[in-house]
Amino acid sequence: MPPKKGRGRKSRKPKGREEAPADARSDAVRDRDDGRDVGADFALPETRTIIPEDQVKLSEKEMDEDVTRVLTANDPNVPANIIVFHYKDREYKRLPPGPSDHVVCHFAMEGSAMHVNSEEAKVQVESDRVKREAEEERKKMSKAEAQAEGKYDKDMHAKMELMKVAKNQFNFSDRAAQTFNMGIRHKIVSTKPPLAKTFAANFTQWDIYDEYMKEFEQQQAQAAAGREKGRKGGEDEPPEAAPKKDLIHSASMGRSLKVLERMVNQNEDDEVYQDFKYWEDASDQFREGMGSLLPLWRFQDTRVKRKMVTGIAWNPVYADLLAVSYGNYDFMKQGSGLICVYSLKNTSHPEFMFTTDSGVMCLDFHPQHHALLAVGCYDGTVKVFDVRKKENTHIFVSDIKTGKHTDPVWQVSWQEEDLAKDLNFFSVSSDGRVANWIMSKNELKMETVMLLKLVNSSAEEPDEETSLTGLAGGSCFDFNRMTEHLFIVGTEEGRIHKCSKAYSGQYLETYDGHHMAVYAVKWNTYHPRVFLSCSADWTVKLWDFASAAQKPPTTYATPEVNDAVSDVVWSPQNATLFASVTCDGRLQVWDVSSLSPVVNLVVTYTKEECDILSKQPGYSAAAAGGAGGEGGEGGEGGATDAAKKHEKKLPSPGDKKTLSTVSFAHNAPVLVTGDSVGKVDVYRIVGIEETAKSLDEQVEKLTQAVSSLEM
């Protein structure tokens, strides 16, 4: 710090500086009045560099070197030493530091300013006007009363009015005086306070960034418009007319065309719609306990000819709307996936379409937010689409950073909102994990709920693959309708595990009944203990977990079924009714009380479908291996023979078709199936409809049907 200047005649000599000789100050300026030497007391400031004793001594090269410092956004106030007890590993573990959610309010004040054009300001101005008018009216009344009583002095009144506008004779500010006039009066105005509301919100750096980018884009657009205007020239041009609306491509025209298209389709298929409402099969009265299926419509599109129907999901709000996923179960035929949303009101074309990079294996609509559609893909990713958006893009997708399955995702299911009110859904995959996906603000977070560990019986020896992996491939799952935390999982090893969200470390119970992979498990809609399962061992089994340990499950199978049962589903209107589809083209509707199907329908290929399959790779007119041995080993002929071994025989018209999925409509006697050539068939159930019954009546009916099988 520089030394202070001396105020007296003698000044303190600064340290480290010698006094200048007298002749050096001969040119100092002296004051004319008292002759005092002004420059005698002045000294230049001294700059001293003090080097700390512990300072590191660096060379010139080291001092010229640039040192890079990285600034991070880590909050030093976030605790980094939180220790919790991990019940699974039975030890204390240290949690990694997470993001800070603390909000500190440094200042808050309720404002009282209001806009001049707001409703509150208009009310305030009107209140002031009413006060002024009331004051003027009071003065007029007092003047009238004074005149009536003869006490009104006209000269005195004129003098008072003159004093109001006269200048203050004691205010010297108008007379070029420099007298400072202190304010001695305080004028206070009492007004009606404006309406105040307390508002609070959380925002992040991303919100601030988005707002700045929005404003920056507006500025860029305005600047570009100004440059374009200046490029046209300085001549005054007449203002451009308002652009005409393109009615042909407007949204209103699109809605009108959609309504018109539905009207044309319904007029063309009027007979089908009439059959849907009123058709009855007269032969049903001679077949007690039997029913029939009436084919109504077939949904198909040219873009899904080479894909299989892998899943069907009905919208929970719009009863006519269903979403269909397309992919392929064959590893050698993988390609892009497709999602089509069809409506029963327009059977000619899908309402919405979404494409994916990998084949879509499953999908599910949210029960409350009916526009959200969760899908699982063959490459292990899960995505969330919003069908309200007319854009072919997802709103959430899983990745390696936030978590991802490593094998195909076979099923997804939405769940109730958690305590944080975050939307979430579950998925099961062949990688042996049941995962919970939480939709946060800008990402999809993965939480592993259950690891499907392999369970070996005492008689079985664990093979080498089991000892290395230790996880079973999950193929399907379903959540209990009555108990929210309870769910069952089917595996590729043929076992079914009962699990709970609250116990992620072990199974509650394991059911052994199938000898091959389990393709579908479904809880009964009304009964909390009964569920169905179908498998590649050609059977459908009915389970009651309360008595599963004492007696085997009930098996539903027919001798004519010689292939895997690919899907099974309960009827939402009838507690004892369910449907199944097989890979050899059979659609069967069962009643729990009978071991024979009430409807047994065989679906076959048409000539058009056979022509489509003939153009796909992997199909041959000859049987597999029919031309082997001609090329020799190790050459091109050997490679051709290996490829032919994987080829399938091309079906002929009339051969049984592979059915992949089945689903009941929520509130109508409608059954929908999907096949291996991308077609969705809609059937009307006739003769076995169920009238509305209460929950207790449905449970009692199912209990009696199961008891009748045990007798």
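Rules of the game
Residues numbered from 1 in each chain as written. Predicted model: local features only at pLDDT ≥ 70, side-chain atom pairs only at ≥ 80, totals over all residues. Heavy atoms only, no water. Helix = DSSP H or I, 4+ residues; strand = E, 2+ residues; numbered from the N terminus. Buried < 20%, exposed > 50% of the residue type's maximum accessible area, 1.4 Å probe, protein only. Contact = heavy atoms within 4.5 Å. Core = buried A, V, L, I, M, F, W, Y, C linked by side-chain atoms within 4.5 Å. Patch = residues over 30% accessible without salt bridge, like charges linked within 9 Å, V, L, I, M, F, W, Y side chains within 5 Å. Areas by Shrake-Rupley, 256 points an atom, 1.4 Å probe, with all protein chains shown as cover. Salt bridge = Lys/Arg side-chain N within 4 Å of Asp/Glu carboxyl O. Pairing = 2+ DSSP bridges. Axes fitted to C-alpha atoms, helices over the stretch in contact; angles between N-to-C directions. Arc of directions from axis to C-beta. Phe/Tyr/Trp six-rings, centres within 6.5 Å; stacked < 30°, edge-to-face > 60°. 1 Å grid on protein atoms, 1.4 Å probe; cavity = no way out; pocket = protein on both sides within 12 Å on 5 of 7 lines; lining within 4 Å. Points joined across faces, edges and corners; volume = space filled by probe spheres on them. Nonpolar A, V, L, I, M, F, W, Y, C, P; charged D, E, K, R; others polar. pLDDT = per-residue confidence, 0-100. Lys, Arg positive; Asp, Glu negative; His and termini not counted. Charge placed at Lys NZ, Arg CZ, Asp CG, Glu CD. Polar contact = N/O pair within 3.5 Å; in protein donor to acceptor, adjacent residues only side chain to side chain.

Q: Can you walk me through the overall build of the chain in this structure?
A: Counting its secondary structure elements, the chain contains ten helices and 32 strands. Counting across all 711 residues of the chain, residues that qualify as buried make up 34%. Long-range pairs, those at least 24 residues apart, make up 53% of the contacts in the chain with a sequence separation of at least 6.

Q: Explain the nonpolar core to me, please; I cannot follow it from the model alone.
A: A general trend in soluble globular proteins is that nonpolar side chains are found buried together. Of all hydrophobic cores here, the largest spans 24 residues; its most connected members are I312, W314, L322, V324, Y326, V672 and V680. Listed by contribution, the elements that provide at least two residues to this core are β3 (292–299), β4 (308–314), β5 (321–327), β6 (337–343), β31 (670–675) and β32 (680–686). At four residues, β3 tops the list of elements feeding residues into this core. By size, the runner-up hydrophobic cluster in this structure holds 18 residues, among which are Y526, L532, C534 and W590.

Q: How should I be thinking about a nonpolar patch on the surface in this particular structure?
A: Judged by side-chain polarity, L257, V259, L260, M263 and V264 come together as a nonpolar surface patch covering roughly 460 Å² of accessible area. In this fold, V259 is placed in helix α5 (residues 251–268). The class for V259 is partly exposed, based on a relative accessible area of 48%.

Q: Whenever I open this one, the sheet that holds strand β10 (residues 382–386) confuses me. Can you help?
A: For sheets, the rule is that strands pair by backbone hydrogen bonds, running either parallel or antiparallel. The strand order across the open sheet built from four strands is β8-β9-β10-β11, with neighbouring strands paired in antiparallel fashion. Each end of this open sheet is capped by a strand with a single partner; those strands are β8 (360–365) and β11 (396–397). Two elements, β10 and β11, share two bridges in a ladder whose sense is antiparallel. When the sheet's bridge partners are listed, K383 is paired in β11 with V397.

Q: Is there a simple way to explain unusual backbone geometry in this structure?
A: The phi torsion at R90 lies on the positive side, around 55 degrees, for a residue other than glycine. Inspection of the secondary structure puts R90 in the loop between β1 (83–86) and β2 (91–94).

Q: Would you mind going over the sheet that holds strand β17 (residues 486–491) with me for this structure?
A: Taken in spatial order, the four strands line up as β16-β17-β18-β19 in an open sheet, and their pairing is antiparallel. Two strands lie at the open edges of the sheet, namely β16 (474–479) and β19 (509–512), each paired on one side alone. Ignoring strand direction, the axes of neighbouring strands in this sheet form an average angle of 20 degrees. With five bridges connecting them, β17 and strand β18 (residues 495–500) associate as antiparallel partners. Paired with F487 across the two strands is C499, which belongs to β18.

Q: Help me understand helix α8 (residues 607–614), please; the structure alone is not making it clear to me.
A: Owing to its 3.6 residues per turn, the α-helix aligns residues three or four sequence positions apart on the same side. Along α8, the residues classified as buried are E609, C610, I612 and L613. The buried residues of α8 occupy an angular sector of 155 degrees when projected down its axis, which confines them to one face.

Q: Please explain the packing of aromatic side chains as it appears in this structure.
A: Between two aromatic rings, the relevant description is the distance of the centres plus the angle of the planes. Throughout the structure, instances matching the rule amount to 18 aromatic pairs. Both rings, one in F85 and one in Y92, keep their centres 5.1 Å apart while their planes meet at 70 degrees; by these two values the pair is edge-to-face. Members of the aromatic cluster, each reached through a chain of ring pairs, are F426, F477, F479 and F487.

Q: How do you make sense of empty space enclosed by the protein when you look at a structure like this?
A: To find leftover empty space, one rolls a probe the size of a water molecule over the atoms. In this structure the tally under the stated criterion is two cavities of 30 Å³ or more. Of the volumes computed, that of the largest cavity is approximately 40 Å³. If you go around the largest cavity, the residues you meet are W538, V540, Y556, A557, T558, V561, V565, S580, T582, Q588 and W590. Of all the elements in the fold, those that place two or more residues in the lining of the largest cavity are β25 (577–582) and β26 (586–591). Along the lines of polarity and charge, the residues of the lining of the largest cavity split into seven nonpolar, four polar and no charged. Around the second largest cavity sit K453, L454, V455, A472, T491, E493, R495 and H497, which together line it. Taken together, the residues of the lining of the second largest cavity sort by class into three nonpolar, two polar and three charged.

Q: Can you help me understand the confidence of the model for the chain in this one?
A: For the chain, mean pLDDT is 78; residues scoring 70 or higher make up 78% of the total. Taken as a whole, residues 1–34 scores under 50 in pLDDT and shows 26 contacts with residues more than four places along the chain or in a different chain. Between residues 623–640, whose pLDDT stays under 50, and residues either more than four places distant or in other chains, the model counts 14 contacts.

Q: What's the story with the pattern of salt bridges in this structure? I'm lost.
A: Where charged atoms of side chains with opposite charge meet at close range, the side chains can pair. All told, the structure shown has 17 salt bridges when counted by the stated rule. R495 serves as the salt-bridge partner of D512, at 3.0 Å between the closest nitrogen and oxygen. Taken as a pair, D512 in strand β19 and R495 in strand β18 lie far apart in primary sequence, 17 residues in all. Residue classification places R495 among the buried positions, given a relative accessible area of 13%. Residues K498 and E509 are paired through a salt bridge, measuring 3.6 Å at the closest nitrogen-oxygen approach. Of this pair, K498 sits in strand β18 while E509 sits in strand β19, placing them eleven residues apart in sequence. Classification of K498 as buried rests on a relative accessible area of 10%. What emerges from the salt-bridge pattern is a single network uniting E126, R129 and E133.

Q: Got a minute to help me understand the pairing of β17 in this structure?
A: Looking along a regular strand, one sees the side chains alternate between the two faces of the sheet. Judged by how many residues are buried, β17 sits mostly within the fold: six of six residues are covered. The alternating pattern of β17 places L486, I488 and G490 and F487, V489 and T491 on opposite faces, both of which are buried. As defined by bridge partners, β16 adjoins β17 across five bridges and the pair is classed as antiparallel. Directly across from D478, in β17, lies its bridge partner I488. Two successive antiparallel strands, β16 and β17, enclose a turn made up of six residues.

Q: Is there a simple way to think about a negative patch on the surface in this case?
A: Negative charge collects at one region of the surface, where E60, E62, D64, E65 and D66 lie side by side. Among the residues examined, D66 registers a relative accessible area of 71% and is labelled exposed.

Q: Honestly, the side chain of D544 in this entry has me stumped. Any pointers?
A: In this structure, D544 sits in strand β22 (residues 540–544). A polar contact of 3.3 Å, which involves the side chain of D544, links it to the side chain of R529. Apart from the residues lying within four places of it in its own chain, the contact partners of D544 are R529 and V530.

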